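# Descriptive structure summary
Residue-level listing of the chains:
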Amino acid sequence: MKFCSTCGSPRIELRVPDGDTHARHVCAECGRVHYVNPKVVVGCLPEWEHRILLCRRAIEPRYGLWTLPAGFLEIGESVVAGAARETLEEANARVEVGELYSLVSLPQIGQVYMMFRARLSGLDFGPGTESLEVRLFEEHEVPWEALAFRTIGRTLRNYFLDRKQGAFPLRVSSLERRPPPALFPPDRG
Ligand SMILES: [Zn+2]
């Protein structure tokens, strides 16, 4: 942060305000504390019979890789409405949004993913401006090596496992940054 969004001053300090527990950007001019909190990503896992809908990204990051339709929740929008909007924008697909299924925290990048199971209203879908391609996949067709995000891979793996069990409990988890590679490979002897 270079300038205070309240008074325009460049005198921004990073410090722990009195009574606080985290370092914040504080304006030395007007005293305003600029809080930064996680963003919510909402999306759908759209189902059609035994298949699920994926989108191939036409934007960075992860251009060309596959993902479930999802994006940042807007101010003034409910999570269910946001998940339906993202599905319409990215896949031109209308859905009936169902149960919340996957809730994944990404603490290091300050995001929370909320993915809902959803039923496609029909087969009249196609790529929106942020997608190169949209199609339905059977489980054995899912391009596991070409998924855009770990959150999506985790959500899909859980989904296919739970589908075999015939129940979809809410899956709450956290994805930490991958640990750095070990200096020496683990002993496999
Ligand atoms: Zn200020």
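Everything numeric in this text was worked out from a predicted model, so none of it was measured.

Our next topic: helix H1 (residues 79–91). The end-to-end C-alpha distance of H1, which contains 13 residues, comes to 18 Å, matching closely the 18 Å that a straight helix rising 1.5 Å per residue would cover. Looking only at H1, the buried set comprises Gly82, Ala83, Arg85, Glu86, Thr87, Glu90 and Ala91. Buried residues in H1 make contact with strand E4 (39–48), strand E5 (51–57), strand E7 (70–72), strand E8 (95–106), strand E9 (111–120) and strand E10 (131–137). Backbone geometry just after H1 places Asn92 at a positive phi near 50°.

Another point: unusual backbone geometry. A cis amide bond links Glu60 with the next residue in sequence, Pro61, at an omega value of -5°. On the secondary structure map, Pro61 appears in the loop between E5 and strand E6 (66–67). Residues other than glycine seldom take positive phi values, yet Glu49 does so here, at roughly 50°. Within the secondary structure layout, Glu49 lies in the loop between E4 and E5. For Glu49, a relative accessible area of 64% translates into the label exposed. Unusually for a residue other than glycine, Asn92 sits at a positive phi of about 50°. With respect to the secondary-structure elements, Asn92 resides in the loop between H1 and E8.

In this section: the coordination of the zinc ion. At this site the zinc ion is bound by Cys4 (SG), Cys7 (SG), Cys27 (SG) and Cys30 (SG), with donor distances of 2.3 to 2.4 Å. The coordination sphere of the zinc ion comprises four donor atoms, whose angles at the metal cover 103 to 116°; the geometry is tetrahedral. Taken in sequence order, the residues that donate to the zinc ion follow the motif C-x2-C-x19-C-x2-C. Taken together, the residues Cys7 in the segment before strand E1 (12–15) and Cys27 in strand E2 (residues 24–27) connect sequence positions 20 residues apart. A residue is classified by how much of its surface remains accessible, and Cys27, at 2% relative accessible area, is buried.

Our next topic: the side chain of Arg24. The residue Arg24 is located in strand E2 in this model. Classification of Arg24 as buried rests on a relative accessible area of 15%. At a separation of 2.9 Å, a polar atom in the side chain of Arg24 contacts the side chain of Asp20. Not counting residues within four places of it along the chain, the set of residues in contact with Arg24 comprises Glu13, Leu14, Arg15, Pro17, Val33 and Tyr35.

Rules used throughout
- Residues numbered from 1 in each chain as written.
- Predicted model: local features only at pLDDT ≥ 70, side-chain atom pairs only at ≥ 80, totals over all residues.
- Heavy atoms only, no water.
- Helix = DSSP H or I, 4+ residues; strand = E, 2+ residues; numbered from the N terminus.
- Expected span 1.5 Å × (residues − 1).
- Buried < 20%, exposed > 50% of the residue type's maximum accessible area, 1.4 Å probe, protein only.
- Contact = heavy atoms within 4.5 Å.
- Donors = N, O, S within 2.8 Å, 3.2 Å for Na, K, Ca; no water.
- Tetrahedral: all angles 85-135°; square planar, octahedral: opposite > 155°, others 65-115°.
- Polar contact = N/O pair within 3.5 Å; in protein donor to acceptor, adjacent residues only side chain to side chain.

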